[in-house]
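Here's the letter readout for the chains.
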Protein chains: 8
Amino acid sequence: MKEDKQTKTGAILFDYGRTARIGLPEAVFCEKKNPDTLRILLERFANGDPPILFTRLAESIFSQMPAHIIAAYNYDQPSRTAFAAKMERRGRGSVAVISAGAADAAVAGEAARTLEYLGIDFTLFEDCGISALWRLTDRLEAINRHQAIIVIAGMEGALASVVGGLCPRPIFAVPTSVGYGVSLGGMAALNGMLASCAPGIGVLNIDNGYGAACAAARVVNLL
Amino acid sequence: MKEDKQTKTGAILFDYGRTARIGLPEAVFCEKKNPDTLRILLERFANGDPPILFTRLAESIFSQMPAHIIAAYNYDQPSRTAFAAKMERRGRGSVAVISAGAADAAVAGEAARTLEYLGIDFTLFEDCGISALWRLTDRLEAINRHQAIIVIAGMEGALASVVGGLCPRPIFAVPTSVGYGVSLGGMAALNGMLASCAPGIGVLNIDNGYGAACAAARVVNLL
Amino acid sequence: MKEDKQTKTGAILFDYGRTARIGLPEAVFCEKKNPDTLRILLERFANGDPPILFTRLAESIFSQMPAHIIAAYNYDQPSRTAFAAKMERRGRGSVAVISAGAADAAVAGEAARTLEYLGIDFTLFEDCGISALWRLTDRLEAINRHQAIIVIAGMEGALASVVGGLCPRPIFAVPTSVGYGVSLGGMAALNGMLASCAPGIGVLNIDNGYGAACAAARVVNLL
Amino acid sequence: MKEDKQTKTGAILFDYGRTARIGLPEAVFCEKKNPDTLRILLERFANGDPPILFTRLAESIFSQMPAHIIAAYNYDQPSRTAFAAKMERRGRGSVAVISAGAADAAVAGEAARTLEYLGIDFTLFEDCGISALWRLTDRLEAINRHQAIIVIAGMEGALASVVGGLCPRPIFAVPTSVGYGVSLGGMAALNGMLASCAPGIGVLNIDNGYGAACAAARVVNLL
Amino acid sequence: MKEDKQTKTGAILFDYGRTARIGLPEAVFCEKKNPDTLRILLERFANGDPPILFTRLAESIFSQMPAHIIAAYNYDQPSRTAFAAKMERRGRGSVAVISAGAADAAVAGEAARTLEYLGIDFTLFEDCGISALWRLTDRLEAINRHQAIIVIAGMEGALASVVGGLCPRPIFAVPTSVGYGVSLGGMAALNGMLASCAPGIGVLNIDNGYGAACAAARVVNLL
Amino acid sequence: MKEDKQTKTGAILFDYGRTARIGLPEAVFCEKKNPDTLRILLERFANGDPPILFTRLAESIFSQMPAHIIAAYNYDQPSRTAFAAKMERRGRGSVAVISAGAADAAVAGEAARTLEYLGIDFTLFEDCGISALWRLTDRLEAINRHQAIIVIAGMEGALASVVGGLCPRPIFAVPTSVGYGVSLGGMAALNGMLASCAPGIGVLNIDNGYGAACAAARVVNLL
Amino acid sequence: MKEDKQTKTGAILFDYGRTARIGLPEAVFCEKKNPDTLRILLERFANGDPPILFTRLAESIFSQMPAHIIAAYNYDQPSRTAFAAKMERRGRGSVAVISAGAADAAVAGEAARTLEYLGIDFTLFEDCGISALWRLTDRLEAINRHQAIIVIAGMEGALASVVGGLCPRPIFAVPTSVGYGVSLGGMAALNGMLASCAPGIGVLNIDNGYGAACAAARVVNLL
Amino acid sequence: MKEDKQTKTGAILFDYGRTARIGLPEAVFCEKKNPDTLRILLERFANGDPPILFTRLAESIFSQMPAHIIAAYNYDQPSRTAFAAKMERRGRGSVAVISAGAADAAVAGEAARTLEYLGIDFTLFEDCGISALWRLTDRLEAINRHQAIIVIAGMEGALASVVGGLCPRPIFAVPTSVGYGVSLGGMAALNGMLASCAPGIGVLNIDNGYGAACAAARVVNLL
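Nothing here was measured: the structure is a model prediction, and the numbers come from that model. (Residues numbered from 1 in each chain as written. Chains lettered and ligands numbered in written order. Predicted model: local features only at pLDDT ≥ 70, side-chain atom pairs only at ≥ 80, totals over all residues. Heavy atoms only, no water.)

Caption draft 1: Quick look at unusual backbone geometry. At the junction of Asp49(A) and Pro50(A), the peptide bond is cis and its omega measures out at -5 degrees in the coordinates. Topologically, Pro50(A) is positioned in the loop between helix H2 (35–44) and strand S2 (53–55). Here the phi dihedral of Asp127(E) falls at roughly 60 degrees; this positive angle occurs in a residue that is not glycine. Residue placement: Asp127(E) occurs in the loop between strand S6 (121–125) and helix H6 (134–137). (Helix = DSSP H or I, 4+ residues; strand = E, 2+ residues; numbered from the N terminus.)

Caption draft 2: Fine view of the relation of the copies chain C and chain A. When chain C is brought onto chain A, the operation consists of a screw motion whose angular component is 180 degrees and whose axial shift is 0.0 Å, with 0.0 Å RMSD remaining. Here the symmetry operator amounts to a two-fold rotation axis. Taking C-alpha positions as reference, the residue of chain C nearest the rotation axis is Gly202(C), located at 2.0 Å. In this assembly the copies share their binding face: 100% of the residues contributing to the interface of chain C also contribute to that of chain A. (Least-squares fit on C-alpha atoms with pLDDT ≥ 70 in both. Contact = heavy atoms within 4.5 Å.)

Caption draft 3: Focus on the interface of chain B and chain A. Listed per partner, the contact involves 20 residues of chain B and 20 residues of chain A. Note on chain B versus chain A: buried area summed over both sides is about 1,700 Å², and carbon and sulfur give 74% of it. Scanning the region where chain B abuts chain A turns up 0 salt bridges. Taken together, chain B and chain A are joined by 4 residue pairs in polar contact (both at pLDDT 80 or more). Residue classes in the side of chain B that touches chain A are distributed as 12 nonpolar, 7 polar and 1 charged. (Buried area = accessible area lost by both parts, 1.4 Å probe. Salt bridge = Lys/Arg side-chain N within 4 Å of Asp/Glu carboxyl O. Polar contact = N/O pair within 3.5 Å; in protein donor to acceptor, adjacent residues only side chain to side chain. Nonpolar A, V, L, I, M, F, W, Y, C, P; charged D, E, K, R; others polar.)

Caption draft 4: Structural view of the environment of Leu204(B). Inspection of the secondary structure puts Leu204(B) in the loop between strand S9 (201–203) and helix H10 (209–220). Of the residues examined, Leu204(B) reaches a relative accessible area of 3% and is grouped as buried. Along the primary structure Leu204(B) and Leu194(B) are separated by 10 residues, whereas in three dimensions their C-alpha atoms are 9.4 Å apart. Ignoring anything within four residues of it in the chain, the contact list for Leu204(B) reads Phe172(B), Ala173(B), Val174(B), Pro175(B), Leu190(B), Gly211(B), Ala212(B), Leu194(D) and Ile201(D). (Buried < 20%, exposed > 50% of the residue type's maximum accessible area, 1.4 Å probe, protein only.)

Caption draft 5: Structural context of the interface of chain C and chain A. With 33 residues of chain C at the contact, the number on the chain A side is 33 residues. For the pair chain C and chain A, the summed buried surface comes to about 2,700 Å²; carbon and sulfur atoms form 62% of the total. Along the contact surface separating chain C from chain A lie 0 salt bridges. For the pair chain C and chain A, the interface holds 13 residue pairs in polar contact (both at pLDDT 80 or more). Counting residues per element, the side of chain C that touches chain A draws most heavily on helix H10 (residues 209–220) of chain C, at 6 residues.

Below, the structure written as structure tokens:
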């Protein structure tokens, strides 16, 4: 291949002022980023100063990183998240993370890991799908002890409507891409959550557990 | 305008054998049919022999018909249905027609009127929307006394999933075009019902109360 | 028309316990409801006990109501909302309602009227569309004095992303059906808000100013 | 990788009461579930008490399970279903499973296997696609001897309409993702079945053979 | 209003050579054309030289034209077509125009009127919808006496597949916008026809009876 | 109706600095704006200082304005545009506005009127639809004498690809909502223009003649 | 794995009478068919009696067949087609197969191979994309010597409109899935062809070269 | 496999006159082209006369080419582009290529490499995403020194609106397929850019960096 001056792409301008501005630090969304770019970023933040969250970091890419990078990070495969250090505790509240089924575990994990990194307390309430209402109603009192609620569900996403009719807290709903046919890719759950008959539910993009944690953090940061 | 031999359209071949074949008579779907064609059909069946159901018959068209046609038919404006006579009672079961809210009344009415015309007993359970679960759970025992269930809901259509997790009967779900934004036209409810986490729900086209009644009739006709 | 026993639809089961359960009262969504059903409901709550909000109440329908109903209600035509009495003040925070342009006034109005009815303080920041960033940045300090933010925008809905990158508060974004072509009906704004590069924005259904106010109320009710 | 307390996800709350409630047991939908979660579930039900159905269980995952699990289960690769024991016979009817072509065999298999697991008799009528009507009409009498009908078709899904016009039984139609271009993913068949000119067909989600079997079971359970 | 030089739009360049080029003359599609532009065009071709077809000409516009224009044209309201003279007979074949139901009459009429204007023989076979197969099979022999077939159907459009499996002639299928819910606007029928399991069906745009007649004319012009 | 302090919406912050910033003044998009808001804006700019363009101003609204407003403005009904004064000539180039057919006249008019208001020379080349290629090729030399090209077409929008393969100038393509079925609303033309096999065509939103004129103005402003 | 009576699927009812009925034999669409089913079918027709066409037969599957099957068939990898013998020549016409670019070769190949198998003469005119009109216009006379035309194009599919305005023959257009973004999967080309401003083009499903050949065969069979 | 005369596809008619016609040479879009066809084309232009650009050339294909082809070309993996020689400098302007984030680097690279090949100067401004506005505003003056602007962004694509409100130059926006859920495949960014509230932005197909460079070249070629 002829060697020749080539176009260089992939430069990064890190937004260090974001926490001061909005109470949430910049995170690195790894999908579609070049492995070289990711390596430079992982290297830069391996000392945990400042603590940075990497999301959608595929294990196939992370496992190819140099050993000192792998050693420096707390990586969670199911949620594809990594951080070298956590932020200090902010706010006084805690978050209930409710999910419909075990198939939603990757998204629930992304939300939970983001809260952990942000230094916010949370409790996981999994497998609350409404085809067996008792799984939700039995735990309602425990859920309502938290100051913000994240609801995670695929298929038709009806769990958000049921929670919205039973809980007074700020609710952030995350549709997941669990399902097939009309729910393939999460659109049925997304639209179901947006069209919910229960009032005042804020909806996040499909599979966006990270975003739901940030939304809940904006609430907890107020308290 | 020059007088000239013109293309004639609108001929009808009535399917008199349908009841013998499938236990359900042909009905006349009036939308997009020419008023002249409708007048001929209403005239033909005004004596109630055989009893015929007209669906989606707009009041603006029906009210322009000759007086003897108007007099001959039992017309219901909210459901836009008309019939001059009802069929004889078939089967031994009855149907629960459950709807989410008063905005679904036109579709619930189309289902109920079709059952009435088909000679099948039914009970209406309206305003059971799941943002207040007690409205459904308080009436569950009464619902389960019927042999088939029709669930009618707009917005996110989550009522179908909740009923599907609580009732053992054959369930036919009708999404309605109640809602706005992502639920405009009923697609969010339709997809939510198809993607339901509750097993074994048969879904009908949006606003198709007539079809749900026919599906329930196929069950009751077995008993 | 033959008189004959007819199917009756439109029964209502009011959810009086909703405020106790979730801190928000039931409201009446008027679209697709029968005028007779609406008249009964307006009559029932005309004495303001309990205070009830009617949304999407078309002026063409409200203006046909009996004089004593019209007299009893505070009706706002642009936002199509009505209430006979307001709720008592809850929570200690206030809400910033930011909109992109004057074409979004109906939705901004629905949010503002709902907050007014719920007894929650708010400030309107209109015409902040990002084709002229100074309209937002000049008012940023005033906006950040509130505890929750509602962002309302049509077309591409980019205002939500810009606010999300500049403000730390819980943000609820409402896409509006302002626009044409690809933004007709609000889908471009909705998807833009869901896909926002700014973290932690809860999105409501298209034109759902009422829902955004309820979501903000869930936050203010915590404080 | 730094060892550190991590977010644990994937907890399961099994709904043992479902058969008592709705006449159908909970099943395990395996797609997107973590292999570790699946292993725990397969282990739990390997003794066949209660009998549990696993659907969408990929061969690549099942074949990696420990030998005693593989030995305990009756696994069918084309339909991706597994069960260690079958339920006892319920109801007195039987089901006709009609499919359009050999490309629909995986979905027809999921329906048939679910019926087998539920203890319900059935007959398979395959390759009945309507481009050669005689394949259906020659077997019509045999089909009508059953109490419920499942129709499975991809491409344009027109088989459901033809069956609906010829058979009086409750009909549950399953669109399949067989096809390309506009029928890729099964949407053309789904919409064709929902829009069918034949009255009273309940439609299931794309490729949902399991759901159709459950719907037919709700009918057979009545008899 | 200030008088001022304004932008003039609406100029027309008529394609007189089209018949020589492709055997089909230019036609005037009237939708969205300015009434003034239409009046100029109707005036120009009122003497029938050359004979020109106007399609989608709304009665509300045509009836406002000057009396001598109205007198000069053969206008058909249901199909919204007009011509002052017909073309001479071309080709030696004839066309079968098959439609599913009386609700498709406007589109069947547009096809038939276009054939009449083009000087091509045709027979209308209406109300052949497949929910009663005998309506088609009884007339199959008569249909197959023609050299080209136009199939017109709404809802799920399955008639095209059935005809395609029974008739050897070139078949042009026209989906109609008859239906509601998923078939609203004709997309279900369009996709059903494109995905047909019967081989070799050419599909036209929704409601395009004119185009189907032109396609059939391209065949007849060969003979 | 009870008098009560109400939520006031519709405040305007005019962006007077836009011309200095981007060479194009702010315009008023009138759709969905309240008639009262429009009256205040029309009043404000009736003296032509600065000259302001109103787009999508419905005749039914403009004709209800006070006489002195109507007198002050140059209003064009087909393009729904109004201005009280034009801007001074900018740049040294001119623009070719090419449209496919007379049905596109409203959008071609919006582009032409915007150019007129911006003080930019242009020539209209109408009725160049590619079903008769000579209409374009005969005028190609005249088109290429301009420095920027606007192409306006509905249905399949193929005119943009043909122009793109024959003309070297910057090309801005505007799909129009002319058509029916799959081209209803302009999506087929939009996607066709975006997917064009001809290189380097910038596409605007459906029916956005105003935007195309602004894009061409950005080019002419450079010269 | 426990041995146990299993559901058997994949039965085939071959439609031997199709050629007598419609002039076209049944073909085997291989996508989603089980390799075992395909092997049985390839074995059955390996002696070429009757001659059968296999479409969408992946090389990865064909190359795994027993040697005597591979030896018996004429397999073409780019078009994924196979036949052991060809049909006898039918009709007196020939077909022009026009494609837009080399990326469409797989679909053009499927059309050409099907015509070869059906015993129909054809000429391939490749790389006629309209970004360089001369590639089509230089060959127009040669194209018009054929009795039917197949046009194959991806991206925006505008080639069909240009051919439709220049050629009098029956035209069958095949959109291809060549392209990305809005043309990914072929929808832009499909809709462009359906919305074509040129009259009388029959459109096939995306990538359906086989169907176009069958449609052209229906024409040639007439001559 | 039986040897037999087979259909040959893949012929190429190169459009050498394109530069003379429109100022831009033909390029080779490699996706879906057969490796054999690509090898012939790469061989033909390996001597750099004329200089030809290959786009979407997968590394897996290029790396399989003969060594002398690999040696002859300047290949860039991230942008999947190759050329053996560059064109001579045309025009006097330069282009600013602005991108939102490092995940957009492949598309930014395609635009930059195309400009490099076309002999046009450019500057890359990467990582300007609007969640941190300072990244754009700090570089605004440098951006506005160029004569044309390319904006590249995924997710919601709001960067185009912000640039459009701050920069006077011709702007060509490229949505990228960066994102997930509603922005999967780039549709949210595409629609956001088309619906932009900033005036006069020409939009390209998703990921079409090549097209944006060509559009900018059409501007620079004028100067």
